[in-house]
Amino acid sequence: MAIRLGCVADDFTGATDLANNLVRAGMRVVQLIDVPPDGGEAAVDADAVVIALKSRTVPAADAVEASLRALSWLRSAGAEQIYFKYCSTFDSTPAGNIGPVTEALMDALDTDFTIATPAFPDNGRTVFKGHLFVGDVLLSESGMRHHPLTPMADPHLVSVLGAQSTRAVGLIDHTAVAHGSEAIRARIDELRRQGIGIAIADAVSNDDLLRLGAAVRDMPLVTAGSGLAIGLPANWGFTPSSAAAQLPPPSGHRAIISGSVSAATNEQVAEFLRSGRPAFSVDPLRIAAGEDVAGEALAFGAAHLADGPGGPGGPVLFHSTETPEAVRAVQSRLGAVEAGALVERALARVAQGLVAHGVRRIVVAGGETSGAVVRALGITGLRIGPQIDPGVPWCAAALPGGDTLHIALKSGNFGGPGFFTDSFALLDREAR
Ligand code: ADP
């Protein structure tokens, strides 16, 4: 069956966040890692497909090219509406990439109007009078002001997007959004008559997003953070149901791979160690000295992952997680990029070895680490399952050999202290 909604996301964890929201609103969703190569089968058993690109901070021309390839695949899969997903803090520069990608998609879809809203009230992102707030402060007063790649010094999105676009940018302000879908459509008609091509849409609550979602039902293209996703599935008659999040039953050993050095992950690793469960520390300095740390990790895994009376083994933790001071010390000796690459390669090799050993349930902590592990395992798509924590679902992936791997990808600062063991408990509960 053809898909309904086709999504182009400008980064990996953002794609998962969007997919997760769509599943919670009742759609069955598959996330693809990059556009399938030419000739790749454009038939997927899902209501929505999210293609995860890495186009947020690449040159605008490259982002446009990748997004158009994604669009073309999604259309051949039958998508009736296209959703361009970017960050809820509108991460971009005057060169793009939100404006150029939006306009290229509009041209390709031959449409003269679309909306733009990064609002995601559940995550504290709201837009009012065209200004983006992060929690209680304007975007420009949040940490985003000093972001290394996409510093956001102007919270007025009409100006920010205007600077990146050739089309005129306008505003669907909260007066219309609060009034209802009819008022939003009337405002859109008015903006169109004024020659506006893209409109920032205010939204400060989930109700605003639901009204917006209904109002944009017939638009070929919408652009947004992941928030708008809560309001779209109803346009096709989808309603929230746990069936949308159903995965095949899990089996096999359990492992956790953590290359994240964020505060939340440090707590999660500490909590896991406190519980006395088996853990192996992957030390970058020992790798740099030429020691076979990945090999040792796998021997440790083999010793601790035997089937027991309670069923398959684990979870066993493999981690390079250290405090910020320890990480800085390693970085000053090896260089930050080199240290990161060494750790990512080692953890990816550990993941491959674990899967060869029969691990079929993996939690990965760290955004970059997740990318490295997914690539090493040859995973090209993920069916999105039940949510463990906001923005972090369990997923099922087909391994190149045909087996199913259950995998959860957690970027740095997500999840409470018990995340590692809680996630496996949730998977067991859902399978019952
Ligand atoms: P997060 O989502 O928490 O930012 P990432 O995986 O995206 O986690 O990034 C963490 C980076 O730090 C990775 O490149 C990883 O390889 C690197 N890293 C992990 N552990 C160490 C360590 N002990 N020393 C130095 N770098 C490390």
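First things first, this report covers the structure right here in the doc. (Residues numbered from 1 in each chain as written. Predicted model: local features only at pLDDT ≥ 70, side-chain atom pairs only at ≥ 80, totals over all residues. Heavy atoms only, no water.)

1. Brief notes about the site of the ligand
The ligand sits among 19 residues. The nearest are S260, S262, E344, E368 and T369. Within the side chain of S262, a nitrogen or oxygen atom sits 2.5 Å from an oxygen atom of the ligand. At 2.7 Å from an oxygen atom of the ligand is found a main-chain nitrogen or oxygen belonging to E368. Isolated, the ligand exposes 570 Å² of accessible area, and the fraction of that covered by the protein chains is 85%. (Near = heavy atom within 4 Å. Polar contact = N/O pair within 3.5 Å; in protein donor to acceptor, adjacent residues only side chain to side chain. Areas by Shrake-Rupley, 256 points an atom, 1.4 Å probe, with all protein chains shown as cover.)

2. Comments concerning the side chain of S181
Structurally, S181 is set in helix α6 (residues 181-193). Residues contacting S181, with those up to four places away along its chain left out, are R211, A214 and A215. (Helix = DSSP H or I, 4+ residues; strand = E, 2+ residues; numbered from the N terminus. Contact = heavy atoms within 4.5 Å.)

3. Examining the sheet that holds strand β6 (residues 125-128)
Spatially, 3 strands are ordered β6-β7-β8 in an open sheet, and the strand pairing comes out antiparallel. In this open sheet, the two strands that pair with only one neighbour each are β6 and β8 (137-138). (Pairing = 2+ DSSP bridges.)

4. Topic: helix α14 (residues 419-431)
The terminal C-alpha atoms of α14, which comprises 13 residues, lie 18 Å apart, in line with the 18 Å expected from a rise of 1.5 Å per residue. Within the span of α14, buried status applies to F419, F420, S423, F424, L426 and L427. Buried residues of α14, viewed axially, fall in a sector of 155 degrees; they line one side. (Expected span 1.5 Å × (residues − 1). Buried < 20%, exposed > 50% of the residue type's maximum accessible area, 1.4 Å probe, protein only. Arc of directions from axis to C-beta.)

5. Description of the pattern of salt bridges
Tallying each qualifying case throughout the model produces 22 salt bridges. Between D47 and R28 there is a salt bridge; the shortest N-O distance is 3.5 Å. Of this pair, D47 sits in the loop between β2 (29-33) and β3 (48-52) while R28 is found in the loop between α1 (12-24) and β2, placing the two residues 19 residues apart along the sequence. Since its relative accessible area comes to 5%, D47 is described here as buried. The closest approach of N and O atoms between E103 and R167, which form a salt bridge, is 2.9 Å. Note that E103 is positioned in helix α3 (residues 98-109) and R167 in the loop between α4 (157-164) and β9 (168-172), a separation of 64 residues in sequence. By relative accessible area, which is 7% here, E103 ends up buried. When salt bridges with common partners are traced through the structure, they connect D10, D11, R56 and D91 into a single cluster. (Salt bridge = Lys/Arg side-chain N within 4 Å of Asp/Glu carboxyl O.)

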